[in-house]
Each structure stands twice: as structure tokens, then as C-alpha cells.
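# Breakdown of the fold
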Amino acid sequence: MTGLTLLFGGSFDPVHRGHVETARASQHLTGACQIIWLPTPRSPLKARTGATPEQRAELLRLALADAGEPSWLLDTEELRLPPPTYSIDTLRRWRARLGADRPLAFLMGRDSLAGLAAWRDWRRLCEYAHLVVASRPGHDAALPTEIENWAENRRISRAELLQSRPFGSLLLLDTPPWPVSSTDLRAALADGRQTSDWLAPAVRDYIDHHGLYLEQGHDQESHAS
Ligand code: ATP
């Protein structure tokens, strides 16, 4: 297999339709031959939710089974690494695994691109992979100047993606909007509101069976990305 591999990392706490449909659209638009879903240890900056890494991985397993995309794989390796974990190390590991010539891209939503300057060694991410950035409703404001300047010479079109080097560029995709976040869904679950528009039935069943997300989380102080 020599096509593009998309890595999709996140806390997926819980995985929702915004993740699944954004991944599907991004694969369609880039022609990627596979998507590797990478649940990460939850950022210490984000609220504690009570769902364990194993439960988040199980929710992903159920969501991927529901999505029915044979080219999607779940990789839980990162969950077993001692924290903190950083995306730069993930990309370095995947580049070593795939060799120098295989095209590799890190998929993220537009909110993640806007916050990229807080990530460890963010300017070096493209030494290992392309960045493919999907639309995210509510996050289409101008990028911070630092990111915009960095992005300027790296931006390429979809057509250029597979003709370019196997890493090093930035592709902004116009994906359909999915106005949902895991934070919204945790609040909906804690309040007993319906979630069927956003969670796969098997994901919701698992959440109910294990009594997950019955309380709102509590924010922590430091951050790793
Ligand atoms: P939280 O609300 O807990 O911060 P989240 O919904 O943003 O979670 P994450 O697991 O943190 O979900 O996101 C993983 C990746 O998926 C990030 O790159 C994020 O930008 C992207 N993403 C999440 N939700 C959407 C969405 N609705 N549309 C497009 N991209 C999304």
C-alpha cells in the first residue's frame, strides 16, 4: 500500500458523529487509503470526565464498527505510553514505522490548527507528516498571526497533495459542518438530554451500561498536545 495514511488523534471522550463524518469526508477529499484512529491520554488541561482510557478506546471500537469503513483502524498504543504524550513524538514514531517515502498526514479540526502554537515543537510537525485540517463550525475566524505566517508557504491544494513530498505541507479542507463537541455531549448526558443525533446507538448503550458521563468534569491546570 503506497497511498496516503491519515492519522486522527484525539481524546474522543466520547467519540461522536462530528469525528466520524469529518473523518469520512476528509478521507473522501484526500483519497487517503486508510485512517488510523489514535486515542490519546486525555490532556491534563481538559476536564476529568471519569471515562477511563480503556473505556474511551472501547467507545471508539464500537463507533468504528458502526461506521463500517474497512480502511479505518484503531491504534491504542499511545494509551499505554507513560504521560505526557506529544503529537510530535507520535508523528516521529509513525514516520519511522512507514519509512521515508510513504505519504502521511495528521488530520485535525480547524480549532486544533488555531491552537497549534501551544503544542510541543509544533513548527516541526511537518517534518514528519502533512497537516490536513477539516472545517469546524464556530472556528472559522482568522488564524493567529503566528500560525498564519507559518502556514503561508506550506499551503497546498488537494490536487498537489499526492504529487508533493510525503510530508511538509498544509491542506485546508472544506468539509461539511458538524456542530458538536464531546464537551456538549457530556453536558447533554449529565442532564439526561437526548444524544441520538450525535452518538452511534452502540456507543450510547455502552455509556448507559457503564454509567459514564453522569457528572460534569473538573478542569485541571497544565497541558500536553
Ligand atoms: P472536547 O469537547 O472534549 O474538547 P472534541 O469534541 O473537540 O472534545 P477531540 O477528541 O478533542 O474532540 O477532537 C479530536 C480531533 O477531532 C480534533 O482535531 C478536533 O479538532 C476534531 N473534531 C472534534 N469534533 C469535531 C467536529 N465537530 N468537526 C470537525 N472536527 C472535529
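Parameters at a glance
Numbers given for residues are sequential positions, taken from 1 along each chain in its written order. In view of the model being predicted, local features appear only for residues whose pLDDT reaches at least 70, and side-chain atom pairs are presented and counted only at 80 or more, with totals across whole chains, interfaces and linings using the full set of residues. Hydrogen atoms and water are omitted, and side-chain values are computed over all heavy atoms in the structure. Only protein chains enter the accessibility calculation, which uses a 1.4 Å probe; a residue is then buried when its area is under 20% of its type maximum, exposed when over 50%, and partly exposed in between. Helix and strand assignments come from DSSP, with helices taken as H or I runs of at least 4 residues and strands as E runs of at least 2, each series counted from the N terminus. Contact between two residues is taken to exist if any of their heavy atoms lie within 4.5 Å; hydrogens are not considered. We call a residue near a molecule or strand as soon as one heavy atom of that residue lies within 4 Å of the molecule or strand. Two N or O atoms form a polar contact when they lie within 3.5 Å of each other; inside protein one atom must be a possible hydrogen donor and the other a possible acceptor, and for residues adjacent in sequence the pair counts only when both atoms belong to side chains. Each accessible area value is a Shrake-Rupley result obtained with a 1.4 Å probe; residue values ignore everything except the protein chains displayed when judging cover. Amino acid classes used here: Ala, Val, Leu, Ile, Met, Phe, Trp, Tyr, Cys and Pro are nonpolar; Asp, Glu, Lys and Arg are charged; the rest, including Gly, are polar. At least two DSSP bridges between two strands are required for those strands to pair. The convention used is that axes are lines fitted to C-alpha atoms, helices contributing only their stretch in contact, and that angles between N-to-C directions extend from 0 to 180 degrees. This arc describes the spread of directions from the helix axis toward the C-beta atoms. For this analysis, a salt bridge means a side-chain nitrogen from Lys or Arg found within 4 Å of a carboxyl oxygen belonging to Asp or Glu. Pairing of aromatic rings covers Phe, Tyr and the six-membered ring of Trp, with a centre-to-centre limit of 6.5 Å; geometry is then stacked below 30 degrees between planes, edge-to-face above 60, and tilted otherwise. Only when the NZ atom of a Lys or the CZ atom of an Arg is both within 6 Å of the ring centre and within 35 degrees of the ring normal do we say a charge sits over the ring. Residues belong to one nonpolar core when they are buried, are Ala, Val, Leu, Ile, Met, Phe, Trp, Tyr or Cys, and are joined through side-chain atoms within 4.5 Å.

Considered for burial, the residues of helix 7 (residues 182-190) that qualify are Ser182, Leu185, Arg186, Ala187, Ala188 and Leu189. Buried residues belonging to helix 7 abut helix 1 (17-30) and helix 8 (201-209).

A separate point is the site of the ligand. The ligand sits among 23 residues. The nearest are Lys46, Asp111, Trp178, Ser182 and Thr183. Interatomic distance of 3.1 Å between a backbone N/O atom of Ser11 and an oxygen atom of the ligand. Contact between the ligand and His19: an oxygen atom at 3.0 Å from a side-chain N or O atom of the residue. If the ligand stood free it would expose 610 Å²; the protein chains cover 92% of that surface. Of all elements in the fold, only strand 1 (5-10), helix 1, strand 4 (104-109), helix 4 (110-114) and helix 7 reach the threshold of two or more residues within the shell around the ligand. Among the residues forming the shell around the ligand, the class breakdown is 5 nonpolar, 13 polar and 5 charged.

In this section: the pairing of strand 4. Of all 6 residues in strand 4, 6 are buried; the element is thus mostly enclosed. Pairing of strand 1 with strand 4, which is carried by 4 bridges, proceeds in the parallel orientation. Bridge pairing links Phe8 to Leu107 in strand 4. Of the pairings in the sheet, the one linking strand 4 to strand 5 (residues 130-134) comprises 5 bridges and is parallel in character.

What follows deals with the sheet that holds strand 2 (residues 34-39). Spatially, 3-2-1-4-5-6 is the arrangement adopted by the 6 strands of the open sheet, whose pairing is parallel. In the strand order of this sheet, the two ends are held by strand 3 (72-74) and strand 6 (170-172), each with one partner. For this sheet, the mean angle separating the axes of adjacent strands, direction not counted, is 25 degrees. Helix-sheet contacts for helix 2 (residues 53-67) involve strand 1, strand 2 and strand 3, and the interaxial angle to strand 3 is about 165 degrees. Docked against the sheet, helix 3 (residues 87-98) engages strand 1, strand 2 and strand 4, running at close to 150 degrees with respect to strand 4.

Restricting attention to buried positions, one finds in helix 8 the residues Val203, Tyr206 and Ile207. Projected onto a plane normal to the axis of helix 8, the buried residues spread over an arc of 100 degrees and lie on a single side. Residues of helix 8 that are exposed and angled more than 90 degrees away from the buried face: Pro201, Asp205 and His209. For helix 8, the secondary structure elements touched by its buried residues are helix 2 and helix 7. Taken from the residues just after helix 8, Gly211 is the one with a positive phi, measuring 60 degrees.

The subject of this paragraph is the pattern of salt bridges. On inspection of all chains with the given rule, the structure shows 14 salt bridges. Among the salt bridges present, the one from Asp75 reaches Arg97, with a minimum N-O distance of 3.5 Å. Highlighted residues: Asp75 in the loop between strand 3 and helix 3 and Arg97 in helix 3, separated in sequence by 22 residues. A residue is classified by how much of its surface remains accessible, and Asp75, at 13% relative accessible area, is buried. What emerges from the salt-bridge pattern is a single network uniting Asp75, Glu77, Glu78, Arg93 and Arg97.

Turning our attention to the packing of aromatic side chains. This structure, assessed with the given rule, holds 7 aromatic pairs. If you follow Arg97 out to its NZ or CZ, it ends over the ring of Trp94, 4.4 Å from the centre. When the ring centre of Tyr86 is taken as reference, the NZ or CZ atom of Arg120 above it lies at 4.0 Å.

What follows concerns the nonpolar core. Within soluble globular proteins, side chains that are nonpolar generally end up buried alongside one another. Judged by nonpolar contacts, the single largest core of 35 residues is most densely connected at Leu6, Val15, Trp37, Leu59, Trp72 and Ile207. Within the residue set of this core, elements represented by two or more residues are strand 1, helix 1, strand 2, helix 2, strand 4, strand 5, helix 7 and helix 8. Ranked by residue count, the leading element in this core is helix 2, at 5 residues. Other than its neighbours up to four places away in sequence, Ile207 contacts Pro14, Leu59, Leu189, Leu199, Leu212 and Tyr213. Counting residues in each nonpolar core, the second largest holds 26 residues, with Leu98, Leu113, Tyr128 and Val133 among its members.

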